[in-house]
Amino acid sequence: VTIVDEDGRDVMAFSVETSSLNKVCVYITLKVRRTNENDGVVTVNYYTVDGAGVKGGVAGTDYESTAGTLTFVNGVESETITVPITNNTTINPDKVFSVELSGVGGGASIGTPDTVNVTILEDDIELLFNPADYTVGETVGTASLTVTRIGDTDQEVSVAYETAGITAVPTEDF
């Protein structure tokens, strides 16, 4: 019978469980930690996973599918994973995908957290008339138009406007 001392084994884990970024960012960098001995060469595999449902981030649309192997040489305590983010102009809800660790080598084990949930925060804004067309009688006096904001509501926006005549004549009809 051989008893393996696992107390001194290197443990591989992410430094955080969740992370978020604006979609204007070009990429996200995630740190993988190596704890315990930090002795010898160890490896750990990683890969991205699409999210689920309406808020599920999709590789090729919201971020680039990324997979690989991190190699920790003797004495190295951390390495990073870089996942490219796609800055599209489509207005969507925030998108979530994950990065997972798997398949260690060199006598290491996987600790927790072994998965990071990444949220890509929507930052696009669109302003629209709601409804798009208005009809107002000449005797009404004032027309009220509604502007609807779609997308990121966390930042202040303003809109410049002016009136113009198409079939109505300025100063005569309005």
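That block above? That's the structure.
Residues numbered from 1 in each chain as written. Predicted model: local features only at pLDDT ≥ 70, side-chain atom pairs only at ≥ 80, totals over all residues. Heavy atoms only, no water.

**Q** Residues and numbers for the overall build of the protein, please.
**A** When helices and strands are tallied, the protein shows zero helices and eleven strands. Tracing the protein from N to C terminus, the helices and strands come up as β-β-β-β-β-β-β-β-β-β-β. Expected size for 174 residues packed as a compact globule is a radius of gyration near 16 Å; at 26 Å, the protein overshoots this value by more than 25%. Each principal axis of the C-alpha atoms in the protein carries an extent, and together these give about 100 × 25 × 25 Å. Counting only residues that meet the buried cut, the protein has 25% of its 174 residues in that class. Taking all contacts inside the protein whose residues are at least 6 apart in sequence as the whole, residues at least 24 apart take part in 68%. Of note, the protein has its 8 positive side-chain charges centred 8 Å away from the centre of its 27 negative side-chain charges. (Helix = DSSP H or I, 4+ residues; strand = E, 2+ residues; numbered from the N terminus. Rg over C-alpha atoms; globule rule 2.2 N^0.38 Å. Buried < 20%, exposed > 50% of the residue type's maximum accessible area, 1.4 Å probe, protein only. Contact = heavy atoms within 4.5 Å. Lys, Arg positive; Asp, Glu negative; His and termini not counted. Charge placed at Lys NZ, Arg CZ, Asp CG, Glu CD.)

**Q** Tell me about the nonpolar core, and name the residues and values.
**A** One finds Phe 14, Val 32, Ile 81 and Phe 97 to be the most contacted residues of the largest nonpolar core, which totals 22 residues. At the level of secondary structure, the elements contributing two or more residues to this core comprise β1 (11-14), β3 (27-35), β4 (42-49), β5 (67-72), β6 (78-84), β7 (95-105) and β9 (115-121). Those residues in contact with Val 32 that sit more than four places away from it in its chain are Ala 13, Phe 14, Val 44, Leu 70, Phe 72, Glu 77, Ser 78, Glu 79, Ile 81 and Leu 101. (Core = buried A, V, L, I, M, F, W, Y, C linked by side-chain atoms within 4.5 Å.)

**Q** Kindly report on the sheet that holds β3, identifying the contributing residues and their values.
**A** Taken in spatial order, the four strands of this open sheet run β6-β3-β1-β8, and their pairing is mixed. Looking along the sheet, the strands with just one partner apiece sit at the ends: β6 and β8 (109-110). Bridge count for β1 against β3 is four bridges, and the pairing is antiparallel. Its bridge partner being in β3, Val 11 is matched across the sheet by Thr 35. (Pairing = 2+ DSSP bridges.)

**Q** Tell me about the layout of surface pockets, and please be specific about residues and values.
**A** If you add up the space inside the largest pocket, you get close to 1100 Å³. Every residue lining the largest pocket is counted, 27 residues in all, and those nearest its centre are Ala 143, Leu 145, Thr 163, Ala 164 and Phe 174. Among the elements that line the lining of the largest pocket, the one with the most residues is strand β10 (residues 125-129), at three residues. Across the lining of the largest pocket, the residue classes tally to 16 nonpolar, seven polar and four charged. (1 Å grid on protein atoms, 1.4 Å probe; cavity = no way out; pocket = protein on both sides within 12 Å on 5 of 7 lines; lining within 4 Å. Points joined across faces, edges and corners; volume = space filled by probe spheres on them. Nonpolar A, V, L, I, M, F, W, Y, C, P; charged D, E, K, R; others polar.)

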